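Here are the chains, one letter per residue:
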Amino acid sequence: MDASTPPSIEVLGSVEERAGEVLDADALAFLADLHRRFDGRRRELLAARLARQARFDAGETPAFLAATLAVREADWTVAPIPADLQDRRVEITGPIDRKMIINALNSGAKVFMADFEDATSPTWRNVVEGQVNLRDRWAGRLGFTDESSGKAYVLGDQPAVLMVRPRGWHLPERHIRVDGEVVSGALVDFGLYFFHNVRSQIAQGTGPYFYLPKLESHLEARLWNEVFVVAQDALGVPRGTIKATVLIETLPAAFEMDEILYELREHMAGLNCGRWDYIFSYIKRLGRQPWALTPDRALMGMGAAFLRAYSLKLIQTCHRRGAFAMGGMAAQIPVKGDPAANEAAFARVRADKEREASDGHDGTWVAHPDLVPVAMEVFDRLMPGPNQLARLREDVAVSPDNMLQVHAGARTEHGLRENIRVGVQYIEAWLRGRGAVPLYNLMEDAATAEISRAQIWQWIAHRAKLDDGRAVTPELFEAVLAEEMAALKSALGASFEAGRFNDAIALFSRMTLADRFEEFLTLPAYEALGD
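All of these numbers come straight from a predicted model, not from anything done at the bench.

**Q** So, the overall build of the chain: which residues are in play, and what are the values?
**A** Counting its regular elements, the chain contains 19 helices and 15 strands. A principal-axis box enclosing the C-alpha atoms of the chain has dimensions of 65 × 55 × 50 Å. The buried share of the chain, reckoned over its 531 residues, is 60%. The long-range fraction of contacts in the chain, counting pairs at least 24 apart against all pairs at least 6 apart in sequence, stands at 78%. Surface exposure of the chain reaches about 19,800 Å², of which carbon and sulfur atoms provide 52%. Positive and negative side-chain charges of the chain, numbering 60 and 74 respectively, have mean locations separated by a distance of 2 Å.

**Q** So what's going on with unusual backbone geometry? Which residues, and what values?
**A** Non-glycine residue K214 carries a positive phi angle of around 65 degrees. Relative to the assigned elements, K214 resides in the loop between β9 (209–212) and α6 (218–234). Of the residues examined, K214 reaches a relative accessible area of 4% and is grouped as buried. Of note, A305 is a non-glycine position whose phi angle comes to about 55 degrees, a positive value. Locating A305 in the fold gives a position in helix α10 (residues 305–320).

**Q** How would you sum up the side chain of D146? Please name residues and give values.
**A** Position of D146 among the secondary structure elements: in the loop between β4 (143–145) and β5 (152–154). Of the polar contacts made by the side chain of D146, one reaches the backbone nitrogen of S149; its length is 3.2 Å. D146 has contacts with K99, K151 and Y153, leaving out every residue within four places of it along the chain.

**Q** Outline the nonpolar core, listing residues and values.
**A** L23, F190, F194, W224, I248, L271 and Y310 are the most contacted members of the largest nonpolar core, which has 115 residues in total. A per-element tally of this core places helix α5 (residues 185–203) first, with nine residues. Every residue in contact with Y310, bar those within four places of it in the chain, is listed here: I248, A254, M257, C273, G274, R275, Y278, M302 and M403. Grouped together as the second largest cluster of nonpolar side chains are 37 residues, L431, I456, L476 and L481 included.

**Q** Could you give an account of helix α9 (residues 275–286), naming the residues involved and the relevant values?
**A** Helix length check: α9, at twelve residues, gives a terminal C-alpha distance of 16 Å against a target of 16 Å (1.5 Å per residue), a fit within 8%. Of all twelve residues in α9, eleven are buried, a share of seventy percent or more. Listed in full, the buried residues belonging to α9 are R275, D277, Y278, I279, F280, S281, Y282, I283, K284, R285 and L286.

Rules behind the numbers
- Residues numbered from 1 in each chain as written.
- Predicted model: local features only at pLDDT ≥ 70, side-chain atom pairs only at ≥ 80, totals over all residues.
- Heavy atoms only, no water.
- Helix = DSSP H or I, 4+ residues; strand = E, 2+ residues; numbered from the N terminus.
- Buried < 20%, exposed > 50% of the residue type's maximum accessible area, 1.4 Å probe, protein only.
- Contact = heavy atoms within 4.5 Å.
- Areas by Shrake-Rupley, 256 points an atom, 1.4 Å probe, with all protein chains shown as cover.
- Lys, Arg positive; Asp, Glu negative; His and termini not counted.
- Charge placed at Lys NZ, Arg CZ, Asp CG, Glu CD.
- Polar contact = N/O pair within 3.5 Å; in protein donor to acceptor, adjacent residues only side chain to side chain.
- Core = buried A, V, L, I, M, F, W, Y, C linked by side-chain atoms within 4.5 Å.
- Expected span 1.5 Å × (residues − 1).

In C-alpha coordinates:
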(Lines give C-alpha, C1' and ligand atoms only; values in the text may rest on other atoms or scores of the structure.)
Protein backbone atom coordinates (compact mmCIF):
# COMPACT_ATOMS: atom_id res chain seq x y z
CA MET A 1 0.00 0.00 0.00
CA ASP A 2 1.31 3.44 -0.95
CA ALA A 3 2.10 5.86 1.87
CA SER A 4 -0.46 8.32 0.45
CA THR A 5 -3.29 5.77 0.63
CA PRO A 6 -5.65 6.33 3.57
CA PRO A 7 -5.09 3.61 6.19
CA SER A 8 -8.69 2.35 5.97
CA ILE A 9 -8.16 1.56 2.27
CA GLU A 10 -5.89 -1.29 1.31
CA VAL A 11 -4.62 -1.90 -2.23
CA LEU A 12 -3.39 -5.49 -2.19
CA GLY A 13 -2.45 -5.64 -5.86
CA SER A 14 0.76 -4.21 -7.19
CA VAL A 15 0.77 -0.51 -8.03
CA GLU A 16 3.39 -0.42 -10.76
CA GLU A 17 4.04 1.41 -14.01
CA ARG A 18 1.03 3.68 -14.56
CA ALA A 19 -1.33 2.07 -12.02
CA GLY A 20 -0.81 4.98 -9.64
CA GLU A 21 -2.51 7.28 -12.12
CA VAL A 22 -5.86 5.59 -11.51
CA LEU A 23 -5.28 4.38 -7.94
CA ASP A 24 -4.47 7.78 -6.41
CA ALA A 25 -5.63 8.70 -2.92
CA ASP A 26 -8.57 10.86 -4.07
CA ALA A 27 -9.96 8.13 -6.34
CA LEU A 28 -9.59 5.53 -3.61
CA ALA A 29 -11.35 7.78 -1.11
CA PHE A 30 -14.20 8.15 -3.61
CA LEU A 31 -14.38 4.34 -3.92
CA ALA A 32 -14.33 3.94 -0.17
CA ASP A 33 -17.30 6.28 0.19
CA LEU A 34 -19.29 4.30 -2.38
CA HIS A 35 -18.42 1.06 -0.61
CA ARG A 36 -19.44 2.28 2.82
CA ARG A 37 -22.72 3.67 1.55
CA PHE A 38 -23.82 0.82 -0.68
CA ASP A 39 -22.08 -2.47 -0.01
CA GLY A 40 -24.46 -3.53 2.75
CA ARG A 41 -27.45 -3.08 0.46
CA ARG A 42 -25.64 -4.88 -2.35
CA ARG A 43 -25.15 -7.90 -0.10
CA GLU A 44 -28.80 -7.85 0.94
CA LEU A 45 -29.88 -7.91 -2.68
CA LEU A 46 -27.57 -10.84 -3.48
CA ALA A 47 -29.09 -12.71 -0.54
CA ALA A 48 -32.54 -11.90 -1.93
CA ARG A 49 -31.57 -13.62 -5.18
CA LEU A 50 -30.84 -16.83 -3.29
CA ALA A 51 -34.10 -16.63 -1.35
CA ARG A 52 -35.98 -16.16 -4.60
CA GLN A 53 -34.14 -19.11 -6.12
CA ALA A 54 -35.33 -21.32 -3.28
CA ARG A 55 -38.90 -20.40 -4.20
CA PHE A 56 -38.23 -21.18 -7.88
CA ASP A 57 -36.76 -24.54 -6.90
CA ALA A 58 -39.94 -25.24 -4.95
CA GLY A 59 -42.09 -24.66 -8.04
CA GLU A 60 -42.75 -20.92 -8.15
CA THR A 61 -42.40 -19.26 -11.55
CA PRO A 62 -41.47 -15.67 -12.40
CA ALA A 63 -44.42 -13.32 -12.78
CA PHE A 64 -45.20 -9.64 -13.17
CA LEU A 65 -45.23 -8.04 -9.71
CA ALA A 66 -48.58 -7.12 -8.20
CA ALA A 67 -46.93 -4.52 -5.97
CA THR A 68 -45.72 -2.47 -8.93
CA LEU A 69 -48.84 -2.63 -11.10
CA ALA A 70 -49.28 1.14 -10.79
CA VAL A 71 -45.83 1.72 -12.29
CA ARG A 72 -46.64 -0.49 -15.28
CA GLU A 73 -50.02 1.09 -15.90
CA ALA A 74 -49.02 4.75 -15.45
CA ASP A 75 -47.99 7.03 -18.30
CA TRP A 76 -44.42 8.23 -17.84
CA THR A 77 -41.23 8.40 -19.88
CA VAL A 78 -37.53 8.43 -19.15
CA ALA A 79 -35.53 11.66 -19.14
CA PRO A 80 -34.24 12.97 -22.49
CA ILE A 81 -31.38 10.95 -23.97
CA PRO A 82 -28.26 12.82 -25.21
CA ALA A 83 -27.77 13.55 -28.88
CA ASP A 84 -24.75 11.28 -29.26
CA LEU A 85 -26.84 8.29 -28.15
CA GLN A 86 -29.76 8.91 -30.51
CA ASP A 87 -28.35 6.66 -33.24
CA ARG A 88 -27.02 3.37 -31.89
CA ARG A 89 -27.74 1.17 -34.89
CA VAL A 90 -24.54 -0.87 -34.57
CA GLU A 91 -22.60 -1.30 -31.35
CA ILE A 92 -19.41 -3.31 -31.02
CA THR A 93 -18.29 -4.85 -27.76
CA GLY A 94 -14.97 -6.16 -26.58
CA PRO A 95 -12.32 -6.34 -23.88
CA ILE A 96 -10.36 -3.45 -22.43
CA ASP A 97 -6.86 -4.03 -23.75
CA ARG A 98 -5.34 -1.13 -25.62
CA LYS A 99 -5.25 -2.47 -29.15
CA MET A 100 -8.81 -3.82 -28.92
CA ILE A 101 -10.12 -0.48 -27.67
CA ILE A 102 -8.50 1.42 -30.55
CA ASN A 103 -9.73 -1.02 -33.19
CA ALA A 104 -13.26 -0.99 -31.78
CA LEU A 105 -13.43 2.80 -31.57
CA ASN A 106 -12.20 2.96 -35.19
CA SER A 107 -14.47 0.15 -36.44
CA GLY A 108 -17.23 2.34 -37.90
CA ALA A 109 -19.71 1.26 -35.25
CA LYS A 110 -21.78 3.98 -33.64
CA VAL A 111 -20.95 2.80 -30.12
CA PHE A 112 -18.18 0.76 -28.52
CA MET A 113 -18.89 -0.95 -25.21
CA ALA A 114 -15.63 -1.49 -23.33
CA ASP A 115 -16.25 -4.55 -21.22
CA PHE A 116 -14.88 -5.11 -17.73
CA GLU A 117 -17.36 -7.96 -17.35
CA ASP A 118 -17.93 -11.08 -19.48
CA ALA A 119 -15.32 -10.28 -22.14
CA THR A 120 -12.56 -9.63 -19.59
CA SER A 121 -10.84 -12.03 -17.26
CA PRO A 122 -10.50 -9.84 -14.14
CA THR A 123 -6.84 -10.24 -13.34
CA TRP A 124 -5.53 -7.25 -11.43
CA ARG A 125 -3.37 -6.28 -14.39
CA ASN A 126 -6.33 -6.42 -16.80
CA VAL A 127 -8.53 -4.32 -14.53
CA VAL A 128 -5.92 -1.62 -13.86
CA GLU A 129 -4.63 -1.43 -17.42
CA GLY A 130 -8.20 -1.18 -18.66
CA GLN A 131 -8.75 1.90 -16.50
CA VAL A 132 -5.48 3.44 -17.70
CA ASN A 133 -6.43 2.78 -21.33
CA LEU A 134 -9.85 4.39 -20.97
CA ARG A 135 -8.39 7.37 -19.16
CA ASP A 136 -5.95 7.82 -22.04
CA ARG A 137 -8.84 7.84 -24.49
CA TRP A 138 -10.32 10.93 -22.81
CA ALA A 139 -6.90 12.52 -22.24
CA GLY A 140 -6.15 12.32 -25.98
CA ARG A 141 -3.17 10.00 -25.66
CA LEU A 142 -4.58 6.63 -26.68
CA GLY A 143 -2.09 4.93 -28.98
CA PHE A 144 -0.41 1.56 -29.35
CA THR A 145 2.53 0.11 -31.25
CA ASP A 146 2.70 -3.64 -31.79
CA GLU A 147 6.18 -4.73 -30.72
CA SER A 148 6.25 -7.74 -33.05
CA SER A 149 5.10 -6.01 -36.22
CA GLY A 150 5.95 -2.39 -35.50
CA LYS A 151 2.45 -1.39 -36.59
CA ALA A 152 1.13 1.76 -34.91
CA TYR A 153 -2.51 2.09 -33.87
CA VAL A 154 -4.01 5.55 -33.35
CA LEU A 155 -7.49 6.84 -32.74
CA GLY A 156 -9.32 8.03 -35.84
CA ASP A 157 -11.14 11.31 -36.41
CA GLN A 158 -14.64 9.89 -35.79
CA PRO A 159 -14.42 7.32 -33.02
CA ALA A 160 -17.45 5.47 -31.76
CA VAL A 161 -19.28 6.74 -28.69
CA LEU A 162 -17.77 5.01 -25.68
CA MET A 163 -19.80 3.07 -23.13
CA VAL A 164 -18.40 0.97 -20.29
CA ARG A 165 -19.77 -2.21 -18.75
CA PRO A 166 -18.63 -2.71 -15.15
CA ARG A 167 -18.74 -6.08 -13.48
CA GLY A 168 -22.03 -7.34 -12.05
CA TRP A 169 -23.12 -6.86 -8.46
CA HIS A 170 -22.00 -10.39 -7.52
CA LEU A 171 -18.32 -10.10 -8.41
CA PRO A 172 -15.70 -8.96 -5.89
CA GLU A 173 -12.45 -7.11 -6.46
CA ARG A 174 -10.20 -8.84 -3.94
CA HIS A 175 -7.26 -6.49 -4.50
CA ILE A 176 -9.00 -3.51 -2.85
CA ARG A 177 -10.34 -3.53 0.69
CA VAL A 178 -12.12 -0.83 2.67
CA ASP A 179 -12.25 -1.19 6.45
CA GLY A 180 -11.10 -4.78 5.97
CA GLU A 181 -13.91 -5.64 3.51
CA VAL A 182 -13.45 -6.65 -0.11
CA VAL A 183 -14.90 -4.04 -2.46
CA SER A 184 -17.42 -4.85 -5.17
CA GLY A 185 -15.95 -5.16 -8.66
CA ALA A 186 -18.93 -3.18 -9.96
CA LEU A 187 -18.11 -0.20 -7.76
CA VAL A 188 -14.40 -0.39 -8.61
CA ASP A 189 -15.02 -0.41 -12.37
CA PHE A 190 -17.70 2.26 -12.28
CA GLY A 191 -16.07 4.41 -9.62
CA LEU A 192 -12.57 4.66 -11.09
CA TYR A 193 -13.85 5.30 -14.62
CA PHE A 194 -16.37 7.93 -13.54
CA PHE A 195 -14.02 9.69 -11.13
CA HIS A 196 -11.17 10.09 -13.58
CA ASN A 197 -13.07 10.84 -16.79
CA VAL A 198 -16.40 12.55 -16.23
CA ARG A 199 -15.12 16.12 -16.54
CA SER A 200 -13.16 15.38 -19.71
CA GLN A 201 -16.18 13.65 -21.20
CA ILE A 202 -18.45 16.60 -20.52
CA ALA A 203 -15.85 19.02 -21.92
CA GLN A 204 -15.72 16.93 -25.10
CA GLY A 205 -19.47 17.02 -25.61
CA THR A 206 -20.35 13.57 -24.40
CA GLY A 207 -20.84 11.93 -21.02
CA PRO A 208 -20.30 8.92 -18.75
CA TYR A 209 -22.33 6.17 -20.40
CA PHE A 210 -22.65 2.68 -18.97
CA TYR A 211 -24.06 -0.76 -19.62
CA LEU A 212 -25.32 -2.48 -16.46
CA PRO A 213 -25.14 -6.30 -16.43
CA LYS A 214 -26.85 -9.17 -14.61
CA LEU A 215 -29.59 -7.20 -12.85
CA GLU A 216 -32.32 -9.45 -11.46
CA SER A 217 -34.80 -6.92 -10.08
CA HIS A 218 -35.87 -3.29 -10.07
CA LEU A 219 -34.44 -3.05 -6.56
CA GLU A 220 -30.99 -3.75 -7.99
CA ALA A 221 -31.64 -1.02 -10.56
CA ARG A 222 -32.62 1.29 -7.70
CA LEU A 223 -29.27 0.63 -6.06
CA TRP A 224 -27.42 1.62 -9.23
CA ASN A 225 -29.51 4.79 -9.41
CA GLU A 226 -28.57 5.66 -5.83
CA VAL A 227 -24.89 5.08 -6.68
CA PHE A 228 -25.22 7.40 -9.69
CA VAL A 229 -26.83 10.17 -7.64
CA VAL A 230 -24.19 10.06 -4.92
CA ALA A 231 -21.33 9.88 -7.45
CA GLN A 232 -22.60 12.88 -9.41
CA ASP A 233 -23.23 14.93 -6.29
CA ALA A 234 -19.76 14.11 -4.93
CA LEU A 235 -18.06 15.46 -8.05
CA GLY A 236 -20.42 18.38 -8.62
CA VAL A 237 -21.87 16.89 -11.79
CA PRO A 238 -25.55 17.54 -12.61
CA ARG A 239 -27.83 14.64 -11.86
CA GLY A 240 -28.83 12.83 -15.03
CA THR A 241 -25.42 13.27 -16.64
CA ILE A 242 -24.81 9.55 -16.31
CA LYS A 243 -26.76 7.46 -18.79
CA ALA A 244 -27.15 3.72 -18.50
CA THR A 245 -28.43 0.91 -20.67
CA VAL A 246 -29.49 -2.16 -18.73
CA LEU A 247 -28.91 -5.61 -20.13
CA ILE A 248 -32.04 -7.69 -19.71
CA GLU A 249 -30.15 -10.94 -19.44
CA THR A 250 -31.83 -12.61 -16.50
CA LEU A 251 -35.26 -14.20 -16.46
CA PRO A 252 -36.53 -12.33 -13.36
CA ALA A 253 -35.51 -8.96 -14.81
CA ALA A 254 -37.59 -9.59 -17.93
CA PHE A 255 -40.69 -9.50 -15.73
CA GLU A 256 -39.62 -6.13 -14.27
CA MET A 257 -38.61 -4.12 -17.34
CA ASP A 258 -41.03 -1.25 -16.70
CA GLU A 259 -39.90 -1.08 -13.11
CA ILE A 260 -36.20 -1.09 -14.04
CA LEU A 261 -36.77 1.74 -16.50
CA TYR A 262 -38.69 3.64 -13.83
CA GLU A 263 -36.04 3.27 -11.14
CA LEU A 264 -33.36 4.57 -13.51
CA ARG A 265 -35.60 6.99 -15.42
CA GLU A 266 -33.36 10.01 -14.71
CA HIS A 267 -30.32 8.09 -16.01
CA MET A 268 -31.87 5.70 -18.51
CA ALA A 269 -30.78 5.20 -22.12
CA GLY A 270 -32.37 1.84 -22.91
CA LEU A 271 -32.54 -1.90 -22.43
CA ASN A 272 -30.63 -4.59 -24.31
CA CYS A 273 -31.45 -8.21 -25.11
CA GLY A 274 -28.53 -10.06 -23.52
CA ARG A 275 -29.44 -13.30 -25.22
CA TRP A 276 -26.69 -15.69 -24.10
CA ASP A 277 -26.87 -14.83 -20.43
CA TYR A 278 -30.64 -14.92 -20.72
CA ILE A 279 -30.53 -18.56 -21.79
CA PHE A 280 -28.18 -19.26 -18.88
CA SER A 281 -30.53 -17.48 -16.48
CA TYR A 282 -33.55 -19.41 -17.79
CA ILE A 283 -31.80 -22.70 -17.08
CA LYS A 284 -30.44 -21.52 -13.72
CA ARG A 285 -33.70 -20.16 -12.37
CA LEU A 286 -35.97 -22.94 -13.70
CA GLY A 287 -33.45 -25.79 -13.74
CA ARG A 288 -35.26 -27.88 -11.13
CA GLN A 289 -38.55 -27.80 -13.01
CA PRO A 290 -39.04 -30.70 -15.47
CA TRP A 291 -41.20 -28.71 -17.89
CA ALA A 292 -38.29 -26.28 -18.49
CA LEU A 293 -35.89 -28.94 -19.79
CA THR A 294 -33.96 -27.40 -22.67
CA PRO A 295 -32.90 -28.87 -26.02
CA ASP A 296 -29.44 -28.52 -27.56
CA ARG A 297 -28.07 -25.02 -27.08
CA ALA A 298 -27.82 -24.51 -30.86
CA LEU A 299 -31.61 -24.90 -31.17
CA MET A 300 -32.45 -22.04 -28.83
CA GLY A 301 -32.68 -19.13 -31.25
CA MET A 302 -34.11 -15.65 -30.88
CA GLY A 303 -36.95 -16.38 -33.30
CA ALA A 304 -38.90 -18.72 -31.03
CA ALA A 305 -40.20 -19.50 -27.55
CA PHE A 306 -39.13 -17.48 -24.50
CA LEU A 307 -36.41 -15.60 -26.40
CA ARG A 308 -38.83 -14.35 -29.03
CA ALA A 309 -41.39 -13.35 -26.41
CA TYR A 310 -39.04 -11.35 -24.24
CA SER A 311 -37.39 -9.52 -27.14
CA LEU A 312 -40.76 -8.30 -28.41
CA LYS A 313 -41.84 -7.35 -24.90
CA LEU A 314 -38.60 -5.40 -24.48
CA ILE A 315 -39.21 -3.37 -27.65
CA GLN A 316 -42.77 -2.57 -26.67
CA THR A 317 -41.83 -1.61 -23.12
CA CYS A 318 -38.86 0.55 -24.05
CA HIS A 319 -40.59 2.51 -26.81
CA ARG A 320 -43.63 3.22 -24.64
CA ARG A 321 -41.21 4.82 -22.15
CA GLY A 322 -39.01 6.69 -24.65
CA ALA A 323 -36.01 4.41 -24.17
CA PHE A 324 -34.00 2.52 -26.77
CA ALA A 325 -34.51 -1.19 -27.35
CA MET A 326 -31.18 -2.73 -28.30
CA GLY A 327 -30.86 -6.09 -30.02
CA GLY A 328 -28.48 -8.88 -29.15
CA MET A 329 -25.03 -10.09 -29.98
CA ALA A 330 -23.81 -11.54 -33.27
CA ALA A 331 -20.86 -13.62 -32.03
CA GLN A 332 -19.66 -14.76 -35.45
CA ILE A 333 -16.12 -13.95 -36.51
CA PRO A 334 -14.59 -14.20 -40.00
CA VAL A 335 -13.76 -17.72 -41.17
CA LYS A 336 -10.28 -17.41 -42.62
CA GLY A 337 -9.39 -19.48 -45.67
CA ASP A 338 -12.96 -20.67 -46.34
CA PRO A 339 -14.99 -18.12 -48.33
CA ALA A 340 -18.09 -20.34 -48.44
CA ALA A 341 -18.13 -20.85 -44.66
CA ASN A 342 -17.44 -17.17 -44.15
CA GLU A 343 -20.36 -16.12 -46.32
CA ALA A 344 -22.63 -18.63 -44.56
CA ALA A 345 -21.68 -17.08 -41.22
CA PHE A 346 -22.31 -13.57 -42.51
CA ALA A 347 -25.66 -14.68 -43.94
CA ARG A 348 -26.72 -15.85 -40.48
CA VAL A 349 -25.76 -12.47 -39.10
CA ARG A 350 -27.78 -10.66 -41.79
CA ALA A 351 -30.86 -12.78 -41.06
CA ASP A 352 -30.56 -12.13 -37.34
CA LYS A 353 -30.19 -8.39 -37.82
CA GLU A 354 -33.05 -8.26 -40.32
CA ARG A 355 -35.29 -9.86 -37.70
CA GLU A 356 -34.19 -7.30 -35.11
CA ALA A 357 -34.60 -4.26 -37.35
CA SER A 358 -37.96 -5.49 -38.65
CA ASP A 359 -39.22 -6.11 -35.13
CA GLY A 360 -38.37 -2.56 -34.09
CA HIS A 361 -35.04 -2.71 -32.32
CA ASP A 362 -33.05 0.53 -32.37
CA GLY A 363 -29.70 -1.14 -32.88
CA THR A 364 -27.70 -4.30 -32.41
CA TRP A 365 -24.42 -5.77 -31.18
CA VAL A 366 -21.50 -7.35 -33.00
CA ALA A 367 -18.30 -8.88 -31.63
CA HIS A 368 -15.91 -8.31 -34.55
CA PRO A 369 -15.08 -5.22 -36.66
CA ASP A 370 -15.69 -7.15 -39.90
CA LEU A 371 -19.33 -7.57 -38.90
CA VAL A 372 -19.92 -3.85 -38.44
CA PRO A 373 -20.62 -3.18 -42.15
CA VAL A 374 -22.79 -6.32 -42.36
CA ALA A 375 -25.04 -5.17 -39.53
CA MET A 376 -24.85 -1.53 -40.63
CA GLU A 377 -26.16 -2.37 -44.11
CA VAL A 378 -29.19 -4.11 -42.63
CA PHE A 379 -30.10 -1.30 -40.24
CA ASP A 380 -29.43 1.39 -42.86
CA ARG A 381 -31.80 -0.43 -45.19
CA LEU A 382 -34.56 -1.19 -42.71
CA MET A 383 -34.18 1.75 -40.29
CA PRO A 384 -33.76 4.97 -42.31
CA GLY A 385 -34.12 7.19 -39.25
CA PRO A 386 -31.74 7.34 -36.28
CA ASN A 387 -33.92 5.00 -34.22
CA GLN A 388 -37.38 3.40 -34.09
CA LEU A 389 -38.80 5.00 -30.95
CA ALA A 390 -41.98 5.86 -32.88
CA ARG A 391 -42.73 2.16 -33.42
CA LEU A 392 -44.67 1.48 -30.24
CA ARG A 393 -45.51 -2.14 -31.14
CA GLU A 394 -48.92 -1.88 -29.53
CA ASP A 395 -49.82 -4.98 -31.52
CA VAL A 396 -47.56 -7.13 -29.34
CA ALA A 397 -49.34 -9.26 -26.74
CA VAL A 398 -46.93 -11.29 -24.63
CA SER A 399 -48.17 -13.36 -21.70
CA PRO A 400 -46.19 -14.82 -18.78
CA ASP A 401 -46.66 -18.24 -20.36
CA ASN A 402 -45.09 -16.96 -23.60
CA MET A 403 -42.08 -15.71 -21.64
CA LEU A 404 -41.56 -19.12 -20.06
CA GLN A 405 -42.14 -21.29 -23.14
CA VAL A 406 -39.22 -23.62 -23.73
CA HIS A 407 -37.82 -24.24 -27.21
CA ALA A 408 -38.72 -27.42 -29.01
CA GLY A 409 -36.03 -29.81 -30.16
CA ALA A 410 -33.84 -32.74 -29.28
CA ARG A 411 -30.96 -33.26 -26.91
CA THR A 412 -28.09 -34.95 -28.65
CA GLU A 413 -24.68 -36.40 -27.95
CA HIS A 414 -23.29 -33.76 -30.31
CA GLY A 415 -24.83 -31.04 -28.14
CA LEU A 416 -23.39 -32.61 -25.00
CA ARG A 417 -19.93 -32.81 -26.54
CA GLU A 418 -20.08 -29.26 -27.83
CA ASN A 419 -20.99 -27.95 -24.37
CA ILE A 420 -18.02 -29.79 -22.88
CA ARG A 421 -15.53 -28.62 -25.51
CA VAL A 422 -16.59 -25.00 -25.41
CA GLY A 423 -17.02 -24.81 -21.65
CA VAL A 424 -13.64 -26.28 -20.75
CA GLN A 425 -11.69 -24.37 -23.38
CA TYR A 426 -13.26 -21.08 -22.39
CA ILE A 427 -12.56 -21.58 -18.68
CA GLU A 428 -8.95 -22.55 -19.46
CA ALA A 429 -8.43 -19.31 -21.41
CA TRP A 430 -10.16 -17.28 -18.69
CA LEU A 431 -7.83 -18.72 -16.06
CA ARG A 432 -4.92 -17.52 -18.20
CA GLY A 433 -6.32 -13.99 -18.25
CA ARG A 434 -8.33 -13.96 -21.51
CA GLY A 435 -12.03 -13.12 -21.42
CA ALA A 436 -12.94 -12.97 -25.13
CA VAL A 437 -12.00 -16.28 -26.73
CA PRO A 438 -12.43 -17.32 -30.40
CA LEU A 439 -13.76 -20.89 -30.50
CA TYR A 440 -15.19 -22.66 -33.56
CA ASN A 441 -15.68 -19.40 -35.50
CA LEU A 442 -17.48 -17.63 -32.67
CA MET A 443 -16.19 -15.04 -30.23
CA GLU A 444 -17.16 -16.52 -26.89
CA ASP A 445 -17.35 -14.89 -23.50
CA ALA A 446 -18.27 -16.10 -20.04
CA ALA A 447 -21.96 -16.43 -20.88
CA THR A 448 -21.31 -19.32 -23.27
CA ALA A 449 -19.38 -21.27 -20.66
CA GLU A 450 -22.19 -20.64 -18.19
CA ILE A 451 -24.77 -22.03 -20.62
CA SER A 452 -22.58 -25.04 -21.30
CA ARG A 453 -22.18 -26.14 -17.69
CA ALA A 454 -25.75 -25.13 -16.73
CA GLN A 455 -27.32 -27.16 -19.49
CA ILE A 456 -25.37 -30.32 -18.69
CA TRP A 457 -26.20 -29.84 -15.00
CA GLN A 458 -29.90 -29.58 -15.89
CA TRP A 459 -29.80 -32.66 -18.11
CA ILE A 460 -28.11 -34.70 -15.40
CA ALA A 461 -30.51 -33.44 -12.71
CA HIS A 462 -33.47 -34.72 -14.72
CA ARG A 463 -31.72 -37.72 -16.29
CA ALA A 464 -32.78 -36.17 -19.60
CA LYS A 465 -32.98 -38.47 -22.60
CA LEU A 466 -30.84 -37.92 -25.66
CA ASP A 467 -32.33 -38.54 -29.08
CA ASP A 468 -30.75 -42.01 -29.10
CA GLY A 469 -32.59 -42.96 -25.91
CA ARG A 470 -29.69 -42.75 -23.47
CA ALA A 471 -30.15 -40.83 -20.24
CA VAL A 472 -27.64 -38.12 -19.38
CA THR A 473 -26.02 -39.35 -16.16
CA PRO A 474 -22.90 -38.40 -14.25
CA GLU A 475 -21.24 -41.51 -15.68
CA LEU A 476 -22.08 -40.55 -19.28
CA PHE A 477 -20.84 -37.02 -18.70
CA GLU A 478 -17.56 -38.21 -17.22
CA ALA A 479 -17.00 -40.67 -20.06
CA VAL A 480 -17.67 -38.06 -22.76
CA LEU A 481 -15.57 -35.49 -20.90
CA ALA A 482 -12.64 -37.91 -20.84
CA GLU A 483 -12.99 -38.60 -24.57
CA GLU A 484 -13.23 -34.94 -25.50
CA MET A 485 -10.26 -33.94 -23.38
CA ALA A 486 -8.15 -36.79 -24.79
CA ALA A 487 -8.95 -35.58 -28.30
CA LEU A 488 -8.16 -32.00 -27.34
CA LYS A 489 -4.88 -33.01 -25.74
CA SER A 490 -3.91 -34.89 -28.90
CA ALA A 491 -4.77 -31.88 -31.06
CA LEU A 492 -3.00 -29.27 -28.90
CA GLY A 493 0.08 -31.25 -27.97
CA ALA A 494 2.47 -29.51 -25.59
CA SER A 495 0.25 -26.44 -25.24
CA PHE A 496 -2.32 -28.58 -23.45
CA GLU A 497 0.09 -29.36 -20.62
CA ALA A 498 1.50 -25.82 -20.65
CA GLY A 499 -1.96 -24.31 -20.21
CA ARG A 500 -4.45 -24.58 -17.36
CA PHE A 501 -6.57 -27.39 -18.75
CA ASN A 502 -6.29 -29.56 -15.66
CA ASP A 503 -7.67 -26.73 -13.53
CA ALA A 504 -10.39 -25.96 -16.08
CA ILE A 505 -11.46 -29.61 -16.37
CA ALA A 506 -11.64 -29.98 -12.60
CA LEU A 507 -13.71 -26.81 -12.18
CA PHE A 508 -16.07 -27.59 -15.06
CA SER A 509 -16.60 -31.14 -13.80
CA ARG A 510 -17.13 -30.12 -10.18
CA MET A 511 -19.69 -27.46 -11.03
CA THR A 512 -21.52 -29.66 -13.52
CA LEU A 513 -21.84 -32.56 -11.07
CA ALA A 514 -22.69 -30.47 -7.99
CA ASP A 515 -25.98 -31.24 -6.24
CA ARG A 516 -26.66 -27.54 -5.76
CA PHE A 517 -26.35 -25.32 -8.80
CA GLU A 518 -23.75 -22.60 -8.19
CA GLU A 519 -24.80 -19.09 -9.18
CA PHE A 520 -21.77 -18.17 -11.31
CA LEU A 521 -18.72 -20.13 -12.46
CA THR A 522 -16.70 -16.90 -12.38
CA LEU A 523 -16.87 -16.84 -8.57
CA PRO A 524 -14.92 -20.08 -7.94
CA ALA A 525 -12.85 -19.41 -11.06
CA TYR A 526 -11.85 -16.02 -9.64
CA GLU A 527 -10.40 -17.76 -6.60
CA ALA A 528 -8.18 -19.78 -8.96
CA LEU A 529 -7.25 -16.79 -11.13
CA GLY A 530 -3.69 -15.60 -10.92
CA ASP A 531 -2.78 -11.95 -10.60
